[in-house]
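Results of the structural survey
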Amino acid sequence: MKKIVVADDDRSIVKILSALLKHENYQVKTAPEGASALKYIKEFKPDLVILDIMMPIIDGYHICKILSEDTQYEPVPKIIVLTARKEEWDRRISSFAGADAFIQKPFNTTDVLSKIKELIG
Ligand SMILES: [Mg+2]
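For clarity, every value in this text was computed on a predicted model and none was experimentally measured.

Let's shift gears to the overall build of the chain. For the chain, the helix and strand inventory stands at five helices and five strands. Its helices and strands in sequence order give the chain the pattern β-α-β-α-β-α-β-α-β-α, from N to C terminus. By its C-alpha atoms, the chain is 30 × 30 × 25 Å across when sized along the principal axes. A fraction of 61% describes how many contacts in the chain between residues 6 or more apart in sequence connect residues 24 or more apart. Within the structure as shown, the chain displays about 6500 Å² of accessible surface, and the carbon and sulfur contribution to it stands at 52%. Charged side chains of the chain number 18 positive and 18 negative; the gap between the two group centres comes to 4 Å.

If you walk through the whole model with that rule in mind, you get zero aromatic pairs. Above the plane of the ring of Phe 44 lies Lys 3, whose end atom (NZ or CZ) is 5.3 Å from the centre. The ring of Phe 44 carries Lys 29 above its face, with NZ or CZ at 5.3 Å from the centroid.

On to the packing of helix α1 (residues 11–23) against helix α5 (residues 109–120), then. Direction vectors running N to C along α1 and α5 enclose 55 degrees, while the axes themselves pass 11 Å from each other. For the element pair α1 / α5, the angle class is oblique. In this structure, α1 meets α5 at a crossing whose hand is right-handed. Only Thr 109, Val 112, Leu 113 and Ile 116 of α5 make contact with α1, whose side of the interface consists of Ile 16, Leu 17, Leu 20 and Leu 21. Broken down by class, the residue content of the contact of α1 with α5 amounts to seven nonpolar, one polar and no charged.

About the criteria used
- Residues numbered from 1 in each chain as written.
- Predicted model: local features only at pLDDT ≥ 70, side-chain atom pairs only at ≥ 80, totals over all residues.
- Heavy atoms only, no water.
- Helix = DSSP H or I, 4+ residues; strand = E, 2+ residues; numbered from the N terminus.
- Contact = heavy atoms within 4.5 Å.
- Areas by Shrake-Rupley, 256 points an atom, 1.4 Å probe, with all protein chains shown as cover.
- Lys, Arg positive; Asp, Glu negative; His and termini not counted.
- Charge placed at Lys NZ, Arg CZ, Asp CG, Glu CD.
- Phe/Tyr/Trp six-rings, centres within 6.5 Å; stacked < 30°, edge-to-face > 60°.
- Lys NZ or Arg CZ within 6 Å of the ring centre and 35° of its normal.
- Axes fitted to C-alpha atoms, helices over the stretch in contact; angles between N-to-C directions.
- Parallel < 35°, antiparallel > 145°, perpendicular 65-115°, else oblique.
- Left-handed = near helix turned anticlockwise from the far one by under 90°.
- Nonpolar A, V, L, I, M, F, W, Y, C, P; charged D, E, K, R; others polar.

Here it is, written out as structure tokens:
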């Protein structure tokens, strides 16, 4: 069973994604802010992380950077950045920070699922 961490401070998004992913037979852990997201990534060793950018404590960009630089998080999970920010700059900085994909909110669950399948199967 592939493992996914969903990190977002928007509880309704966490709820929707968690139900969707469990229904697709993924093992899911959710985090409402960046510090617990990092803790779960370290302990749960997910195959993929769905990461909000604007989150309390540690933001999504910072998490991407930590995952790509700190060897204690190896093997580095695939990262899908999910954000309401629309600027091209955000897309660039996300990929520069190590994100594998960028999906804009409001998102379509079909797009999220097909991107996950593309990245981890
Ligand atoms: Mg947020």
